[in-house]
Amino acid sequence: MVHWQNWSGKLESTAHSIQFLRTEEDTCALAEHANDNGLVIRAAGATHSHAPLVKTTGIVADLQGLSGVMSTETADNSAWIWAGSRIFTLGRPLHEAGLALHNQGDIDQQAIAGATATGTHGTGPKLKNLSAAVRGMTIATASGELITTSPDRNPDIFTAARQHLGAFGIVTRIKLELEPAYRLREHTWQADLDELLENWSEHAEQNRHFEFFWYPQEDRGQAKTINPTTDEPEYPLAAEGARCGWSYEVLPNHRPHKHTEMEYSVPKEHGAACMREIQSLLTNQFSDIAWPIEYRTLAADDVWLSTAYERDTVTISVHQDVRLDDEVYFRACEEIFLSFQGRPHWGKVNYLNAAQMSERHPRWEQWWQIRDELDPRGTFLNDYLRGLQPA
Ligand SMILES: Cc1cc2nc3c(=O)[nH]c(=O)nc-3n(C[C@H](O)[C@H](O)[C@H](O)COP(=O)(O)OP(=O)(O)OC[C@H]3O[C@@H](n4cnc5c(N)ncnc54)[C@H](O)[C@@H]3O)c2cc1C
């Protein structure tokens, strides 16, 4: 038995063991062993999820040893990547091949398999989440076999597993759609929340990336745009907000302070109204919250469990210090998000049950059906996911 905890330290468990995997042979052997012996396995990336996706009393499979860029293809702007690769290790080798990710989240500490498992995204109204960039995957399944999936090979599994929640097996390799390497320059400014909410749509349309944070205690908005540039990178890079460099140097930020987070995606047209209700909630009922609210955009996609499935989206994130209680605050925010047809981020806190998830995800039952066929015993389900399984 071994102690496991996530990045924030808020989620903990006593796991059966943590297995450090270094080859696909190891990975298949572990999957088969667990399946034959009635054990549960949860694969772990960087454990940055606030939702209890990895938490288990079974085996935690750590894939940091299965890392690196395997091959790149400039003809179709793609690369095969080992699943345990942390995103911050990918920028340089992809750049050397003339390639880059379309977009990145606020940080680059996640493993690529962890980030694609939950629909991790950055901001930009024409930019989709990372799961939408998946073009192929190799998965060690419960039977101990390796299966490769793509739009042409095992297409049903591929379609469901692009955003997989670690529930289809242990992902060992991922093929990602990329684009030619590009440079970015960022710009920040301060503005009233009212002004930002009046103009956010134009800002979003006119810039590759637009987002803002609202700091409730100071009632201050901090906006950021990031756009392509032909300027040479400026080293040493300036602080966040004034960088000019390659995309992988400018997009990620440093977020060391331990916190918990809830994020919901709402249809783009409800973004401003939803944010106004969150503002009013904080002002009237939670004036002690010191953490900012983040407002971003995300393009519609065709990924079954994506929060942007078939709808252009605004994402709104609320945070709390990990040492403080978050539940009363987050539940009050969730009520507002749900009233705007919100879908919860898979890697962050939510309190939804199976029926509520099913209502929000049109492909929910199909996703489970394909998953269950691949793993009938539930080797890759922990208590949290079992609780969401359709009856
Ligand atoms: C400081 C911070 C900043 C963040 N910023 C953003 C952001 O800007 N945008 C955003 O969308 N999200 C953001 N997140 C959320 C984060 O991107 C997601 O929770 C992401 O899933 C975490 O990746 P991870 O590698 O830590 O995965 P984990 O949390 O370890 O795992 C996530 C899921 O992936 C599965 N998994 C991991 N590896 C494998 C594998 N090899 N095979 C099968 N399943 C696997 C796990 O089983 C689990 O279901 C942030 C989180 C933090 C703590």
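Residues numbered from 1 in each chain as written. Predicted model: local features only at pLDDT ≥ 70, side-chain atom pairs only at ≥ 80, totals over all residues. Heavy atoms only, no water.

## Regarding the overall build of the protein chain
Test applied: Helix and strand assignments follow DSSP, with helices taken as H or I runs no shorter than four residues and strands as E runs no shorter than two, numbered in order from the N terminus. Radius of gyration: over C-alpha atoms. The globule rule applied is 2.2 Å multiplied by the number of residues raised to the 0.38 power. In this analysis, two residues are considered to be in contact whenever any of their non-hydrogen atoms come within 4.5 Å of each other. Computed with a 1.4 Å probe, the accessible areas rest on the Shrake-Rupley method; for each residue, only the protein chains presented here act as cover. Charge convention: Lys and Arg are scored as positive, Asp and Glu as negative, and His as well as the terminal groups of each chain are ignored. A charge is said to be at NZ when it belongs to Lys, at CZ for Arg, at CG for Asp and at CD for Glu.
When you go through the protein chain residue by residue, the secondary structure sums to 11 helices and 20 strands. Its C-alpha atoms give the protein chain a radius of gyration of 20 Å, near enough to 21 Å, the size a compact globule of 391 residues would have. For the protein chain, the spread of C-alpha atoms along the three principal axes comes to 60 × 50 × 35 Å. Within the protein chain, counting contacts between residues at least 6 apart in sequence, those at least 24 apart form 70% of the total. Of the roughly 15,800 Å² of accessible surface on the protein chain, a fraction of 47% belongs to carbon and sulfur atoms. A distance of 2 Å separates the average location of the 34 positive side-chain charges in the protein chain from that of its 54 negative side-chain charges.

## Quick look at the packing of aromatic side chains
The following threshold applies: Any two of the Phe, Tyr and Trp rings considered here, Trp counted by its six-membered ring, make a pair once their centres fall within 6.5 Å; the pair's planes then place it as stacked at under 30 degrees, edge-to-face at over 60, or tilted in between. Burial classes: relative accessible area under 20% of the type maximum marks a residue as buried, over 50% as exposed, and values in between as partly exposed (1.4 Å probe, protein chains only). Definition used: whenever NZ (Lys) or CZ (Arg) falls within 6 Å of the ring centre and also within 35 degrees of the ring normal, the charge is taken to sit over that ring.
Overall, the coordinates contain 13 aromatic pairs when judged by the stated rule. On the numbers, 5.4 Å between centres and 70 degrees between planes, the contact of W200 with Y295 is edge-to-face. Of this pair, W200 sits in helix α5 (residues 193-206) while Y295 sits in strand β18 (residues 293-298), placing them 95 residues apart in sequence. Per residue, the accessibility class of W200 equals that of Y295, and both read buried. On the numbers, 6.3 Å between centres and 55 degrees between planes, the contact of F210 with F212 is tilted. An identical accessibility class is assigned to F210 and F212; each is buried. Here the aromatic residues F168, W346, W364, W367 and W368 are joined through ring pairs into a cluster of three or more. The aromatic ring of W7 is capped on one face by K258, whose charged end is 5.3 Å from the ring centroid. Across from the ring centre of Y351, 4.0 Å away, lies the NZ or CZ of R331, which sits over that ring.

## Topic: the sheet that holds strand β7 (residues 78-82)
Going by this rule: Here, strands pair whenever DSSP counts at least two bridges between them. Axis definition: a line fitted to C-alpha atoms, limited for helices to the stretch in contact. Angles are taken between N-to-C directions and run from 0 to 180 degrees.
Sheet architecture is open: 5 strands sit in the order β6-β7-β11-β9-β10, paired in antiparallel fashion. Bordering the open sheet on either side are β6 (69-73) and β10 (146-149), each of which pairs with just one other strand. Put simply, the sheet's adjacent strands are angled 10 degrees from each other on average, direction ignored. Pairing of β7 with strand β11 (residues 170-177) involves 5 bridges; the strand directions are antiparallel.

## Focus: the sheet that holds strand β5 (residues 59-62)
Across the sheet, 3 strands lie side by side as β3-β5-β4; this open sheet has parallel pairing. Two strands bound the open sheet, and with one partner strand each, they are β3 (17-20) and β4 (41-44). On average, adjacent strands in this sheet sit at an angle of 25 degrees to one another, irrespective of strand direction. Where β4 meets β5, 4 bridges bridge the pair, whose relative direction is parallel. Bridging from a neighbouring strand, A44 pairs with D62 of β5.

## Focus: helix α1 (residues 24-36)
Each α-helix winds once per 3.6 residues, and so residues spaced three or four apart point in a common direction. Test applied: By this rule, a helix spans an expected 1.5 Å times one less than how many residues it contains. The arc in question is traced by the directions running from the helix axis to the C-beta atoms.
The end-to-end C-alpha separation of α1 is 18 Å, in line with the 18 Å expected for 13 residues at 1.5 Å each. Where α1 is concerned, the buried positions are E24, T27, C28, L30, A31 and A34. Taken around the axis of α1, the buried residues stretch over an arc of 160 degrees, which confines them to a single face. Structural note: α1 exposes E25 and D36 on the side pointing more than 90 degrees away from its buried face.

## A look at the domain arrangement of the protein chain
Selection rule: All the domain ranges listed were derived from an automatic or database domain assignment. By buried area we mean how much accessible surface two parts lose on assembly, using a 1.4 Å probe and totalling the loss over both. By definition here, a salt bridge exists when the distance from a side-chain nitrogen of Lys or Arg to a carboxyl oxygen of Asp or Glu is within 4 Å.
Along its sequence, the protein chain is organised into domain 1 (2-62), domain 2 (69-180) and domain 3 (183-344). In this complex, domain 1 contributes 4 residues to the contact, which on the side of domain 3 involves 10 residues. For the pairing of domain 1 and domain 3, the buried interface totals around 570 Å² over both sides, and the portion due to carbon and sulfur atoms is 58%. Sorting the residues of domain 1 by area buried against domain 3 places W7, K10 and H50 first, and these three jointly supply 85% of that buried surface. For the pair domain 1 and domain 3, the interface holds 1 salt bridge.

## Thoughts on the site of the ligand
Put simply, the rule is: Residues are labelled near a given molecule or strand when at least one of their non-hydrogen atoms is within 4 Å of it. Residues adjacent in sequence count toward polar contacts only when both atoms are side-chain atoms; beyond that, a polar contact is any pair of N or O atoms within 3.5 Å, and within protein one must be able to donate a hydrogen and the other to accept it. Each residue receives one of three labels: charged for Asp, Glu, Lys and Arg, nonpolar for Ala, Val, Leu, Ile, Met, Phe, Trp, Tyr, Cys and Pro, and polar for the others, Gly being one of them.
The full set close to the ligand counts 37 residues, and A43, H48, S49, D106 and H345 are the nearest of them. Side-chain polar atom of Q110 to an oxygen atom of the ligand: 2.9 Å apart, as the coordinates give it. With respect to the ligand, the side chain of T120 contributes an N or O atom lying 2.9 Å from an oxygen atom. Protein contacts shield 99% of the accessible area of the ligand, which totals 970 Å² for the unbound molecule. If you list the elements that add at least two residues to the shell around the ligand, you get β4, α3 (112-117) and β11. A per-class count over the shell around the ligand returns 16 nonpolar, 17 polar and 4 charged. Counting contributing residues per domain, the shell around the ligand is built from domain 1 (2-62) and domain 2 (69-180), each supplying no fewer than three.

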